[in-house]
2 protein chains.
Amino acid sequence: MLENQYNKDTYMNNVCFNRMKTEVPMNIVLLSGGSGKRLWPLSNDTRSKQFIKIFKTEDGSYESMVQRVYRQIFSVDASATVTIATSKSQVSAIHNQIGTDVGISVEPCRRDTFPAIALAAAYLHDVQRVSEEESVVVCPVDPYVEQDYFESLKKLGELAAASDANLVLMGIEPTYPSAKYGYIIPEDGGNVSRVAMFKEKPDEDTARTYMEKGALWNGGVFAFRLGYVLKRAHELIDFRDYKNLREKYDTLTKISFDYAVVEHEPQIEVMRFGGMWKDMGTWNTLTEAMESPSIGKAIMNDACDNVHVVNELDVPVLCMGLKDVVVSASPEGILVSDKTQSSYIKPFVDEIDQQIMFAEKSWGSFRVIDIEDGSMTIKVTLNAGHKMNYHSHERRDEVWTVIEGKGRTIIDGVEKEVTAGDVVTMKAGTPHTIIADTALQVIEVQIGKEISVSDKRKHIYS
Amino acid sequence: MLENQYNKDTYMNNVCFNRMKTEVPMNIVLLSGGSGKRLWPLSNDTRSKQFIKIFKTEDGSYESMVQRVYRQIFSVDASATVTIATSKSQVSAIHNQIGTDVGISVEPCRRDTFPAIALAAAYLHDVQRVSEEESVVVCPVDPYVEQDYFESLKKLGELAAASDANLVLMGIEPTYPSAKYGYIIPEDGGNVSRVAMFKEKPDEDTARTYMEKGALWNGGVFAFRLGYVLKRAHELIDFRDYKNLREKYDTLTKISFDYAVVEHEPQIEVMRFGGMWKDMGTWNTLTEAMESPSIGKAIMNDACDNVHVVNELDVPVLCMGLKDVVVSASPEGILVSDKTQSSYIKPFVDEIDQQIMFAEKSWGSFRVIDIEDGSMTIKVTLNAGHKMNYHSHERRDEVWTVIEGKGRTIIDGVEKEVTAGDVVTMKAGTPHTIIADTALQVIEVQIGKEISVSDKRKHIYS
């Protein structure tokens, strides 16, 4: 049987590679979700874990999960079509980190995985003009993996294009009996096999018995021909095209892809993946992927053992005599946690109710540097060529002091050039914007008794 | 012998209490030294540990070591004369924390304990008009003690005034064989006794044998008649009076009080103190004195055991699964340390070479809230009725945005009223000051390529 399997695998691989070389394009949909409270204080409501620059690159700078995955995809296939399925709130961060060439299927609101994948499928078909015969690979944006994973994704897509099966899943060979993942039980031990059964997240003992039966982790990675998912989408949702589906997105029922598609599909295959695969969901797993024990200003004495520090502040973190501890400091707060305990962080972060201290915007980013009862001071960074919306506030005055760069302000219709040292004052009610001709940094002092992000009225500048 | 001793003690106590009620005033000199790096990040070069507000008072607010000791002295003796012997750099903090009524003997520079005590003695004699017959009690400003300690200090002073001995020391009954303190070996076990011997800091085993012999800790507390120390001072230093001694202070040789006085004095007594006494020198001992496990914004999960947090930042510290750890966060940095290890902090702090991020000044305080290559932004807090010096900078422009309070600015000789929302700009070279009519808060943006505290020229405003 093993020999037969080998032949089948070889055959499939050859099919795949032949198709790859000639006609099958690689379409990848990266699912970029969640607010990622489990990596607080680096992640928060407006900043998801996939955007944290935590991985050291060859040139010594740091890249985020999104940047790493995006780079890895193109190093495997320079002509890949990448689409990120995400919410509106992440679009700015995506553009800031990987540019504007990437396709983005924007969910107007959260409606679980089936509507999200249906929307991405409609986007590929109607915007990117992908044919219904082409295959699409869906994969989360945040696994910590090497090149071989993306080579596998490519094969997965080729398999989906060529296979009788309507869905081809990636099954990750388990390295320990984890209770964190669902399991896929394949019919046989081949590289590609029919799926015998799916199993929900088990307890560790059950996971052990699954592993003995050759079960694989379900990492949420699968491929299909585009027409297959579009057909299923039209069966469940009454829509014409991508634009129409987006418009009615908020009326859709929340339903998972598993429930809407996988459970109804008898023709499912699974392809094994035995390479390195880490889920960056907790501080514990994230620190395992760090190349050095610290990022940012950190000092550790010799009595520290298995300590990791991620410090985004300008001031140092000094660690003495700690063991198995992660320390992270950001403008949002400071975490000091035993590594194992760090997986229980979510309920504690849910209870922290404070002003967002850092956010990425379409035009750059801001950081709150001081809060008082009647004022708030923030540092605004505008990327070159970007500008704020033209807007006003009802209940606060603002003062801008430019500290870096060149640009222009428009205050109540009057445009003026500004550079480092220039000061601009705006009384409540005055429409204003700032345009960055070069990268621009501004200290903004807001003065008023009821400072709120909702106190903002957009204006049109003509 | 015990009975005799009892009688002697009773006699001494009666002498003391009678004198107290009639004629002996209580003169206390508090020695306030050091930069206290061992409590980093709360203490730094400009902010010593004795000024950190860490002790909860009955009304729920926090007080510093200096404030606590000062309050305790007056609750024991409302008519006490308190003099703080300290360096110039601490005068602002002392005035801010305990007002301007306190006597301050200002050391122009550091010259060890004998010159400091000689200067304080001259101050008491020449400025406070204390007679040479009166006794003076010298004590460090930073012990963590209760009322009974100050009642003992009072007795110590009374003893010094009445005794044949020229010096009376307080001997603290040891609670464990510490290697951190010097020991006093008394001639007998009485409440007051002649000193048989002094012992330098021993190792723990030696300390144990000292304890068995009835040795007492030397906490650096002693009393003498003012004339005694003045006489010794004139023997060793050629000076006329307090003013003259201050003027030549930088020419004095560094010498300790022990070396200059104690070692040459055969007539020394020791009085036992058996009450609570803690030395607040390290994070470990400081956290023992904290009434609650945290000061400032802190969250700890149930898996934390013996964890203390002192957080001066506006954002929360979240601790999970830690044991015997102290966490402290301030504008200067973040310490996360095993409590025992925290005593080894000094060399690590010595290596931290950064901008001072927080400082108390004669007029209030400032905090650095942002640093960039070509700019620095600080929040300035002026106490009501105070003002900055009238000054200018050569190499930076400044912008003030008032965020709280009312006051006046003087810019290049022109006075103007300012209130929250007002903006004042100062080009390099322009003399400027701000006067706080009420408590005033200002965001100051400094813009220039070489921002330095030394770039400051004082002007006279007439």
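Okay, so let's go over this structure. This one's a predicted model, so the numbers in the text were calculated from it and none came from an experiment.

The number of helices and strands found in chain A is 11 helices and 30 strands. For 462 residues, the compact-globule estimate of 2.2 N^0.38 gives 23 Å, and chain A sits close to it at 25 Å. Here chain A holds 462 residues, and the buried ones make up 56% of them. For chain A, restricting intrachain contacts to residue pairs at least 6 apart in sequence, the fraction spanning at least 24 positions comes to 66%. About 20,000 Å² of surface is accessible on chain A, with carbon and sulfur atoms providing 47% of the total. Taking the average location of the 51 positive side-chain charges in chain A and that of its 67 negative ones, the two points are 3 Å from each other.

Our next topic: the relation of the copies chain B and chain A. With an axial shift of 0.0 Å and an RMSD of 0.1 Å, the rotation relating chain B to chain A amounts to 180°. Taken together, these values place the two copies in the relation of a two-fold axis. In terms of C-alpha distance to the rotation axis, chain B has B:Ile369 as its closest residue, with the C-alpha 2.9 Å off the axis.

This part covers the pattern of salt bridges. Applying the stated criterion across every chain, the model contains 44 salt bridges over all chains. Salt-bridge contacts for A:Asp305 lead to A:Lys323; the nearest nitrogen and oxygen are separated by 3.8 Å. Within this pair, whereas A:Asp305 is found in the loop between strand E15 (298–300) and strand E16 (308–311), its partner A:Lys323 is found in the loop between strand E17 (317–320) and strand E18 (325–330), the two being separated by 18 residues in sequence. By relative accessible area, A:Lys323 is classed as exposed at 52%. Across the salt bridge formed by B:Glu235 and B:Lys231, the nearest N and O atoms sit 3.3 Å from each other. With B:Glu235 and B:Lys231 both in helix H7 (residues 226–236) and four residues apart, the pair spans about one turn of that helix.

By way of backbone hydrogen bonds, the strands of a sheet pair with one another, either parallel or antiparallel. Here six strands make up an open sheet; going across it, the order is E15(A)-E17(A)-E19(B)-E18(B)-E16(B)-E14(B) and the pairing mixed. Edge strands, defined here as strands with exactly one partner in the open sheet, are E15 of chain A together with strand E14 (294–295) of chain B.

Before going further, it helps to spend a moment on the packing of helix H4 (residues 113–126) of chain B against H7(B). Residue and element names in this part refer to chain B. At their nearest, the axes of H4 and H7 sit 9 Å apart, and the two run at 120° to each other. With respect to H7, the element H4 is oriented oblique. The chirality of how H4 crosses H7 is left-handed. Residues Phe114, Ile117, Ala118, Ala121, Ala122, Leu124 and His125 of H4 lie in contact with H7, whose contacting residues are Leu226, Val229, Leu230, Arg232, Ala233 and Leu236.

So, on to unusual backbone geometry. Most peptide bonds take the trans form, and the phi angle of most residues other than glycine is negative. Here A:Trp40 and A:Pro41 are connected by a cis peptide whose omega angle stands at 5°. Note that A:Pro41 resides in the loop between strand E1 (27–32) and strand E2 (55–56). The residue B:Asn306 is not glycine, and still its phi comes out positive at about 55°. The class for B:Asn306 is partly exposed, based on a relative accessible area of 40%. At B:Asp324, a residue that is not glycine, the phi angle is positive and equals roughly 55°. For B:Asp324, the location among the structural elements is in the loop between strand E17 (317–320) and strand E18 (325–330).

A word on the sheet that holds strand E24 (residues 397–404) of chain B. Residues and elements named next belong to chain B. Spatially, six strands are ordered E20-E21-E22-E29-E24-E27 in an open sheet, and the strand pairing comes out antiparallel. Lying at the two open borders of the sheet, with one neighbouring strand each, are strand E20 (358–361) and strand E27 (423–426). Across the sheet, the mean angle from the axis of one strand to that of its neighbour is 20°, orientation sign disregarded. Here E24 runs beside E27; their pairing, made up of four bridges, is antiparallel. Looking at the pairing, Val399 lines up with Thr425 of E27. Against the sheet, helix H3 (residues 91–98) makes contact with E20 and strand E21 (364–372), and its axis sits at roughly 75° relative to E20, the strand it touches most.

Here the focus is the packing of aromatic side chains. Following the criterion strictly, the structure yields 28 aromatic pairs over all chains and no others. Here B:Tyr181 and B:Trp277 contribute two aromatic rings whose centre-to-centre distance is 5.3 Å and whose plane-to-plane angle is 70°, an arrangement assigned as edge-to-face. Taken as a pair, B:Tyr181 in the loop between strand E8 (167–172) and strand E9 (182–186) and B:Trp277 in strand E13 (residues 277–279) lie far apart in primary sequence, 96 residues in all. Using a relative accessible area of 13% as the deciding quantity, one classes B:Trp277 as buried. Here a set of aromatic residues connected by ring pairs shows up, and it is made of A:Phe114, A:Phe222, A:Phe224 and A:Phe257. Above the plane of the ring of A:Phe55 lies A:Arg68, whose end atom (NZ or CZ) is 5.7 Å from the centre.

A few words on the nonpolar core. Membership of the largest hydrophobic core comes to 66 residues, with the highest contact counts inside it found for A:Cys319, A:Val336, B:Cys319 and B:Val336. Residues in contact with A:Val336, not counting those within four places in the same chain, are A:Val325, A:Val326, A:Val327, B:Leu318, B:Cys319, B:Met320, B:Leu322, B:Val327 and B:Val336. In this structure, A:Met26, A:Ile84, A:Ile98 and A:Val168 belong to the second largest nonpolar core, which totals 45 residues.

Before going further, it helps to examine the interface of chain B and chain A. Listed by partner, the interface residues are 51 residues for chain B and 51 residues for chain A. Interface of chain B and chain A: buried area, both sides summed, is about 4,200 Å²; carbon and sulfur atoms make up 68% of it. Three residues, B:Leu318, B:Met320 and B:Ile334, lead the burial of chain B against chain A; their summed loss comes to 16% of the area buried on that side. There are four salt bridges connecting chain B and chain A.

All names here are of chain B. Taken together, the four bridges between E9 and strand E10 (residues 192–199) define a ladder with antiparallel strand orientation. Paired with Ile184 across the strands is Phe198, a residue of E10. Count of turn residues in the E9/E10 antiparallel hairpin: five residues.

Here we take up helix H6 (residues 204–212) of chain B. Among the residues of H6(B), the N-terminal cap falls to B:Asp203, whose side-chain oxygen and the backbone nitrogen of B:Asp205 are separated by 3.3 Å. Phi turns positive, to about 85°, at B:Gly214, one or two residues after H6(B).

All names here are of chain A. This model, assessed by the stated rule, comprises zero disulfides over all chains. Cysteine Cys304 remains unbridged, with the sulfur of Cys319 as its closest cysteine sulfur at 5.4 Å. On the basis of relative accessible area, Cys304 is assigned to the buried category, the value being 17%.

Residue and element names in this part refer to chain B. Here Glu404 lies in strand E24. Each C-alpha atom, one on Glu404 and one on Thr419, is 6.9 Å from the other, the two residues being 15 residues apart in sequence. When near neighbours in sequence (up to four residues on either side) are disregarded, Glu404 contacts Ala420, Ala439, Leu440 and Gln441.

Moving on, we come to the side chain of B:Ser152. Topologically, B:Ser152 is positioned in helix H5 (residues 147–162). Discounting chain neighbours no more than four positions away, the residues touching B:Ser152 are B:Met170, B:Met271 and B:Phe273.

All names here are of chain A. With respect to the helices and strands, Met65 occurs in helix H2 (residues 65–76). Along the sequence, Met65 and Phe55 sit 10 residues apart, while their C-alpha atoms lie 7.6 Å from each other. For Met65, the residues in contact, after removing those within four places along its chain, are Leu39, Lys49, Gln50, Ile52, Phe55, Val141, Asp142, Met280 and Leu286.

This next bit is on the pairing of strand E5 (residues 103–107) of chain B. Residues and elements named next belong to chain B. Of all five residues in E5, five are buried; the element is thus mostly enclosed. Neither face of E5 is left uncovered, since the one carrying Gly103, Ser105 and Glu107 and the one carrying Ile104 and Val106 both have all their residues buried. Here five bridges tie strand E4 (residues 81–87) to E5, and the two strands are oriented parallel to one another. Bridge pairing links Ile84 to Ile104 in E5. Taking the sense of rotation as the criterion, the β-α-β connection linking E4, H3 and E5 turns out right-handed.

This part is about helix H3 (residues 91–98) of chain A. All names here are of chain A. Counted residue by residue, H3 has six buried out of eight residues, so it is predominantly covered. What H3 keeps buried is the set Val91, Ser92, Ala93, Ile94, Gln97 and Ile98. Taken together, the buried residues of H3 touch H2, strand E4 (81–87), strand E5 (103–107) and strand E20 (358–361). One or two positions beyond H3, positive phi appears at Gly99, with a value near 85°.

Here is what the cut-offs are and how they apply
- Residues numbered from 1 in each chain as written.
- Chains lettered and ligands numbered in written order.
- Predicted model: local features only at pLDDT ≥ 70, side-chain atom pairs only at ≥ 80, totals over all residues.
- Heavy atoms only, no water.
- Helix = DSSP H or I, 4+ residues; strand = E, 2+ residues; numbered from the N terminus.
- Rg over C-alpha atoms; globule rule 2.2 N^0.38 Å.
- Buried < 20%, exposed > 50% of the residue type's maximum accessible area, 1.4 Å probe, protein only.
- Contact = heavy atoms within 4.5 Å.
- Areas by Shrake-Rupley, 256 points an atom, 1.4 Å probe, with all protein chains shown as cover.
- Lys, Arg positive; Asp, Glu negative; His and termini not counted.
- Charge placed at Lys NZ, Arg CZ, Asp CG, Glu CD.
- Least-squares fit on C-alpha atoms with pLDDT ≥ 70 in both.
- Salt bridge = Lys/Arg side-chain N within 4 Å of Asp/Glu carboxyl O.
- Pairing = 2+ DSSP bridges.
- Axes fitted to C-alpha atoms, helices over the stretch in contact; angles between N-to-C directions.
- Parallel < 35°, antiparallel > 145°, perpendicular 65-115°, else oblique.
- Left-handed = near helix turned anticlockwise from the far one by under 90°.
- Phe/Tyr/Trp six-rings, centres within 6.5 Å; stacked < 30°, edge-to-face > 60°.
- Lys NZ or Arg CZ within 6 Å of the ring centre and 35° of its normal.
- Core = buried A, V, L, I, M, F, W, Y, C linked by side-chain atoms within 4.5 Å.
- Buried area = accessible area lost by both parts, 1.4 Å probe.
- Polar contact = N/O pair within 3.5 Å; in protein donor to acceptor, adjacent residues only side chain to side chain.
- Disulfide = S-S within 2.5 Å.
- Right-handed = clockwise from strand over helix to strand, strands pointing away.

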